[in-house]
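# Secondary and tertiary structure notes
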Amino acid sequence: MSKFLKLVGSRILSEANDLKRTITSMSQELGIEESMLQSVVNGDASYEDVLHTIGMMEKIYPIDASDILLIEDDCFEGVKIMRSKQSTETSRIFNRLDRHGSTDRPYYEYRDTAMSKLAPFKPEWIKELRVVENSDPENPDVVYNNGHFMHQITFFIGPVNFYWEVNGEKFCEEMNTGDSCYITPYWKHSFTSRDKSKTALILAITFGGDVRRSQKELYAYGSRIKNFVVNSRNSNSATSELLNFHMQNENLSIENVSTLAQKKKINIDINKLLDPSTEKLHHEKEEIASLLNISISDLEITSYLSDEEVVVTHRSNCQEYKYPSDSNQQYKIRSLARTKKMPLLKSFDISVLMDNNDISSGFYSGLHTYIYNYGESDILVRWVSESTEFEDYLNPNDSMYIQPFIQYSFSKMSGEANIFCARTCGAINISTMKELSYFSDVERVYQENSCWFNNEK
Ligand SMILES: [Fe+2]
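Residues numbered from 1 in each chain as written. Predicted model: local features only at pLDDT ≥ 70, side-chain atom pairs only at ≥ 80, totals over all residues. Heavy atoms only, no water.

So, about the overall build of the protein chain. Helix and strand counts for the protein chain stand at 14 helices and 20 strands. In terms of its C-alpha atoms, the protein chain occupies a principal-axis envelope of roughly 75 × 60 × 55 Å. The proportion of buried residues among the 457 residues of the protein chain is 45%. Considering only contacts within the protein chain whose residues lie at least 6 apart along the sequence, 68% involve residues at least 24 apart. With an accessible surface of roughly 24,600 Å², the protein chain has 49% of that area assigned to carbon and sulfur atoms. Side-chain charges in the protein chain split into 49 positive and 66 negative, and the spacing between the mean points of these groups amounts to 2 Å. (Helix = DSSP H or I, 4+ residues; strand = E, 2+ residues; numbered from the N terminus. Buried < 20%, exposed > 50% of the residue type's maximum accessible area, 1.4 Å probe, protein only. Contact = heavy atoms within 4.5 Å. Areas by Shrake-Rupley, 256 points an atom, 1.4 Å probe, with all protein chains shown as cover. Lys, Arg positive; Asp, Glu negative; His and termini not counted. Charge placed at Lys NZ, Arg CZ, Asp CG, Glu CD.)

In structure tokens, the structure reads:
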């Protein structure tokens, strides 16, 4: 029996429970034999029968069929490796204008690296084909893109110029191997080479966050999505706007809130709290939050730092440490560009120092991990999935995706062994973790196998 079809069957039963339908009642409404529907739910039916069932469910019920068809795990025991040769086979060269107006001048060569259907990122190897003679951000040979929907973390290899534009102002920074940057969605940017005799490339990890995962709703609401935006660049204004949002949801006017506060003997000035220009004190936020049955964090936004629109981190300024300890130096780790806006975005430049590192003192994380071998040494990767140990080699320019909560280690085979590592969350972020932790049964979340009520003695 296909594990995937069994999971989809379980998901169909979960949706039926949400719709308060039994197999019998659903079979009548969908016009599907009850025995067939039971097979679909059990995971015994064919893929075509499963698709037909989901199609009929979407036709009859107000549901999103694409929510039911799960993602098929395309990894082997929690990991997926893409070989350098496979990456080379995906090579695409794109032209961009040059200073003379020619449109057929190459700008970038793109290659795919390890990607999985389950991973939140789309990591690309991008070679800079446009060579510049200076680091002027207004250089007419530099063509900025229009910015994009995905966040981007970039790792630099070789003499690469990084350009970006924020609020109409253009910048250029000279980058070298081991440098990194973070780019906020939709800020324009570009990359060029400073030396045609050297390799100049970037590893660009673009990924979607919660907004990406809300895309279906955002498309449906159109321009109304502006109402969801608060002034993230001013925390006092953001708190007032969030307070107004919670009051609207509670059907509470300013007068209602004042009356409620008086009744509960809470001393707050609601007009002041709703005034975006006033400073909100911690105890004021605490009191209004308790009055509205929300947490104080529901009224706050991470403080805005103007230098976090684009974060540039040079290797010389990285935090560097030995892992797991100074007395057991298996790896040298440099922390790359960070932003408080994306607390679950981590990236590292890792030097593998030993040739026989054990898994138990390796790495383990609840985030999705991307790995690229940018050094000269073959690297032995060991990992554990379902209590079984596996191993494979990651040769230079090979890349790898690792699912959350897979333990792994790297050992170098010869020479310098260098890895670029990037991590971020999928749909399961801190907010999802908190909600999941409140559930009384977690196992049933991924293997629903019963109706929401029992009708047998
Ligand atoms: Fe980009």
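Turning next to the environment of Ser197. Mapped onto the elements of the fold, Ser197 is located in the loop between strand 9 (188-193) and strand 10 (201-207). Spatially, the C-alpha atom of Ser197 lies 9.9 Å from that of Val131, the residues being 66 residues apart in sequence. In terms of polar contacts, Ser197 uses its side chain to reach the side chain of Asp195, at 2.6 Å. (Polar contact = N/O pair within 3.5 Å; in protein donor to acceptor, adjacent residues only side chain to side chain.)

This part covers the coordination of the iron ion. Protein-derived coordination of the iron ion comes from His148 (NE2), Gln152 (OE1) and His189 (NE2), at a distance range of 2.0 to 2.2 Å. Summarised as a motif, the one-chain spacing of the donors to the iron ion is H-x3-Q-x36-H. (Donors = N, O, S within 2.8 Å, 3.2 Å for Na, K, Ca; no water.)

The next subject is the state of the cysteines. Counting across every chain of the model gives zero disulfides. Cys172 forms no disulfide, and the closest cysteine sulfur to it belongs to Cys181, at a distance of 12 Å. No disulfide involves Cys318; its sulfur sits 12 Å from that of Cys181, the nearest cysteine. (Disulfide = S-S within 2.5 Å.)

Here we take up the environment of Asp73. Note that Asp73 resides in the loop between helix 5 (65-68) and strand 1 (79-82). Residue class for Asp73 comes out partly exposed when judged on its relative accessible area of 44%. Put simply, Asp73 and Ser116 are 43 residues apart on the chain and 8.2 Å apart in space, counted from C-alpha to C-alpha. Contact partners of Asp73, with chain neighbours within four places excluded, come to Leu118 and Gln403. Within the local environment of Asp73, its side chain forms a polar contact with the backbone nitrogen of Cys75, the two atoms lying 2.9 Å apart.

Further remarks concern the packing of helix 2 (residues 23-30) against helix 3 (residues 34-42). Relative orientation of the contacting elements helix 2 and helix 3 amounts to 115°, with a least axis distance of 9 Å. As helix 2 runs across helix 3, the sense of the crossing is right-handed. Listed contacts from helix 3 to Ile23, Thr24, Met26 and Ser27 of helix 2 are Glu34, Leu37, Gln38 and Val41. In terms of residue class, the contact of helix 2 with helix 3 is built from four nonpolar, three polar and one charged. (Axes fitted to C-alpha atoms, helices over the stretch in contact; angles between N-to-C directions. Left-handed = near helix turned anticlockwise from the far one by under 90°. Nonpolar A, V, L, I, M, F, W, Y, C, P; charged D, E, K, R; others polar.)

This paragraph deals with the side chain of Ser27. Among the structural elements, Ser27 can be located in helix 2. Ser27 has contacts with Ile32, Glu33, Glu34 and Leu37, leaving out every residue within four places of it along the chain.

Relative orientation of the contacting elements helix 1 (residues 3-18) and helix 3 amounts to 115°, with a least axis distance of 6 Å. Each of Leu5, Lys6, Gly9, Ser10, Ile12 and Leu13 in helix 1 lies in contact with helix 3, whose residues at this interface are Val40, Val41 and Asn42.

Under the counting rule described, the total for this entry stands at 26 aromatic pairs. For the ring pair Tyr144 and Tyr163, a centre distance of 6.1 Å and an interplane angle of 70° mean the geometry is edge-to-face. Separated by 19 residues along the polypeptide, Tyr144 in the loop between strand 4 (121-128) and strand 5 (151-157) and Tyr163 in strand 6 (residues 160-166) bring together distant segments of the chain. When its relative accessible area of 14% is taken as the criterion, Tyr144 is described as buried. A centroid spacing of 5.3 Å and a plane angle of 15° characterise the contact between Trp164 and Phe171, whose relative ring orientation is stacked. A relative accessible area of 10% means that Trp164 is categorised as buried. These aromatic residues form a ring-pair network of at least three members: Phe121, Phe155, Tyr370, Tyr374, Tyr401 and Phe420. We note Lys170 situated over the ring of Tyr144; from NZ or CZ to the ring centre the distance is 4.9 Å. Above the plane of the ring of Phe348 lies Arg338, whose end atom (NZ or CZ) is 5.0 Å from the centre. (Phe/Tyr/Trp six-rings, centres within 6.5 Å; stacked < 30°, edge-to-face > 60°. Lys NZ or Arg CZ within 6 Å of the ring centre and 35° of its normal.)

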